[in-house]
Amino acid sequence: MNTTSRRSFLKLMAVAASAPSLTVISRPARAAEFTLRYANNLPGTHPMNVRAKEMAARVSAESKGRVEIQIFPNNQLGGDTDTLSQLRSGAVDLFTLSPLILGTFIPTAQVSGIGFAFNDYDNVWAAMDGDLGAYVRKQIGATSIFAFEKIWNGGFRQITTSTRAIAQPKDLQGMKLRVPPSPLWTSMFKDFGAAPASVNFSEVYSALQTHVVEGQENPLSIIYTAKLFEVQKFCSLTNHMWDGFWFLGNKDSFGRLPPDLQTIVRNAINETAAKQREDVTQLDRTLRSKLESAGLKFNEVDKGEFRKQLQASGFYSDWQKKLGPQAWSLLEKYSGKLG
Ligand code: X2X
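### Digging into the packing of aromatic side chains
Working step 1: Under the defined criterion, the tally for this structure stands at 14 aromatic pairs.
Working step 2: A centroid spacing of 5.1 Å and a plane angle of 75° characterise the contact between Tyr121 and Phe156, whose relative ring orientation is edge-to-face. Pair noted here: Tyr121 is in helix α6 (residues 121-128) and Phe156 is in strand β5 (residues 152-156), with a separation of 35 residues, a long-range link. Accessibility classification places Tyr121 together with Phe156 in one group, the buried group.
Working step 3: A ring pair is formed by Phe148 and Phe254, whose centres lie 5.4 Å apart and whose planes are at 90°; its orientation type is edge-to-face. Of the two residues, Phe148 is situated in the loop between β4 (145-147) and β5 and Phe254 in helix α11 (residues 251-255); the sequence distance between them amounts to 106 residues. Summarising the burial analysis for this pair, Phe148 and Phe254 share the class buried.
Working step 4: By way of ring pairs, the aromatic residues Tyr38, Phe146, Phe148, Trp152, Phe247 and Phe254 are connected into one cluster.
Working step 5: Here Arg88 stacks its cationic end above the ring of Phe105, 3.6 Å away from the centre of that ring.
Working step 6: Across from the ring centre of Trp319, 4.3 Å away, lies the NZ or CZ of Lys322, which sits over that ring.

In structure tokens:
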């Protein structure tokens, strides 16, 4: 071997040693007995995916390789509305989805997204781990899908735009704003006077970049990990709504696992929720300065002004009627009187 080919041979060996293909060797020799396909809409760097990887490793270890959870982040299997259909048919086995988007299928699931219902996380977890969450899970469980007990965290949502800062409700007047596909989201931003457009998250970056819409709303952890700050100028800290991700499963897929393996998966998903909730809470608290360095201009708002606008438009009374007395009274048990 001459010097040049020896050098390239050594280089090749170095690459091979660090290449991910080596992990193949450490995998169990046999394929897992049960494979669950888990889809979500967020980038791999978001705590949802970081913790999901941990959860999948735990399931693999505890089941001694019998259960493999394959993660498909970033809408790899389709946008949210499409993936919801795949979950319902069993083409996808596990899916994390906003309760509001789930509302296109199960309307009462939207109850946790009513504007300004929750003040803080103590309030959120009391409701979602308590009888409000139990009520919604029961509705979900009456279909071909079900939700695990502990909802994962989305975060409190803020508005970003490329055209003007939102300081008061009137600044939203006529604004072309992307909202996720859900009746509640559209209704809330119509009542703020904006012109909301339903767009799946898979299309949001390009819709902002091409100015099909001027703005959108999401928690800071998503604005950061999905790099929405690259195509937005202003961020208004409205905290107008908390959102989460129900960890959903297809009943038939999950039912194929023997009970002991079901327990392993269930415990791993529910127990990992606590860590994922905390990651998102911390990120949302600390990301402002990073986003400012990236050029996003922040402003605070008087939340009371925005809430008053929803009261005046009849938002709360309309949704009380739409969701029905049981869902509404369970919500008000945690939020206090709304409207
Ligand atoms: O679609 C969104 O904006 C996102 C990522 O926050 C949801 O999943 C609702």
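This is not the end of the story, as more comes after the structure.
### Concerning the site of the ligand
Working step 1: As a matter of local geometry, the ligand sits amid 13 residues, with Asn41, Arg157, Arg178, Asn218 and Phe245 nearest to it.
Working step 2: Here an oxygen atom of the ligand and a side-chain polar atom of Arg157 are 2.9 Å apart.
Working step 3: In isolation the ligand offers 270 Å² of accessible surface; the protein chains occlude 100% of this area.
Working step 4: More than half of the atoms belonging to the ligand lie within 2 Å of the grid points that define the largest cavity.
Working step 5: Along the lines of polarity and charge, the residues of the shell around the ligand split into seven nonpolar, three polar and three charged.

### With respect to empty space enclosed by the protein
Working step 1: All chains considered together, the criterion is met by one cavity of 30 Å³ or more.
Working step 2: Of the volumes computed, that of the largest cavity is approximately 110 Å³.
Working step 3: Around the largest cavity sit 14 residues that line it, and Asn41, Arg157, Pro180, Asn218 and Phe245 are the ones nearest its centre.
Working step 4: Here the lining of the largest cavity is built from residues that sort into seven nonpolar, three polar and four charged.

### Details of the pattern of salt bridges
Working step 1: Applying the stated criterion across every chain, the model contains 18 salt bridges.
Working step 2: In this structure, Arg288 and Glu300 form a salt bridge, with 2.8 Å as the shortest nitrogen-oxygen distance. Here the residue Arg288 occupies a position in helix α12 (residues 259-293), and Glu300 occupies one in strand β12 (residues 297-300), the gap between them amounting to twelve residues.
Working step 3: The exposed category is assigned to Glu300, whose relative accessible area is 56%.
Working step 4: The network of salt bridges with common partners includes Arg51, Glu54, Lys275 and Asp279.

### Considering the layout of surface pockets
Working step 1: By volume, the second largest pocket is sized at about 210 Å³.
Working step 2: Lining the second largest pocket, in full, are Tyr121, Phe156, Gln158, Leu220, Leu237, Asn239, Thr281, Asp284, Arg285 and Arg288.
Working step 3: Take the lining of the second largest pocket: its biggest share by element is four residues, from α12.
Working step 4: A per-class count over the lining of the second largest pocket returns four nonpolar, three polar and three charged.

What counts and how
- Every chain is numbered on its own, with residues counted from 1 as its sequence reads.
- The predicted nature of this model means local features are confined to residues of pLDDT at least 70 and side-chain atom pairs, given and counted, to a pLDDT of 80 or more, with totals for whole chains, interfaces and linings taken over all residues.
- Processing note: side-chain calculations cover all non-hydrogen atoms of the structure and skip hydrogens and water entirely.
- Pairing of aromatic side chains requires ring centres within 6.5 Å, counting the rings of Phe and Tyr and the six-membered ring of Trp. Pairs whose planes differ by under 30 degrees are stacked, by over 60 edge-to-face, and all others tilted.
- Numbering of helices and strands runs from the N terminus; a helix is a DSSP stretch of H or I covering at least four residues, while a strand is a stretch of E covering at least two.
- For the exposure calls, accessible area comes from a 1.4 Å probe over protein chains only, and a residue counts as buried if that area is under 20% of its type's maximum, exposed if over 50%, partly exposed in between.
- Consider the ring centre and the ring normal. A charge sits over the ring if Lys NZ or Arg CZ is within 6 Å of that centre and within 35 degrees of that normal.
- For this purpose, a residue is taken to be near a molecule or strand whenever a single non-hydrogen atom of the residue falls within 4 Å of it.
- Pairing of N or O atoms within 3.5 Å defines a polar contact, subject to two protein rules: one partner must be a possible hydrogen donor and the other a possible acceptor, and residues neighboring in sequence count only if both atoms are side-chain atoms.
- Each accessible area is a Shrake-Rupley estimate made with a 1.4 Å probe; only the visible protein chains count as cover when residues are assessed.
- Site definitions follow a grid-based scheme: protein atoms alone, a 1 Å grid, a 1.4 Å probe that fits but cannot get out for cavities, and for pockets an open set with protein on both sides within 12 Å along at least five of seven lines, plus lining residues having an atom within 4 Å of a point.
- Assignment to a cavity or pocket requires that more than half of a molecule's atoms be within 2 Å of the site's grid points.
- Classification used: nonpolar for Ala, Val, Leu, Ile, Met, Phe, Trp, Tyr, Cys and Pro, charged for Asp, Glu, Lys and Arg, polar for all others including Gly.
- Grid points are joined across faces, edges and corners, and a volume is the space filled by probe spheres set on the points.
- The rule for a salt bridge is simple: a side-chain nitrogen of Lys or Arg has to be within 4 Å of a carboxyl oxygen of Asp or Glu.

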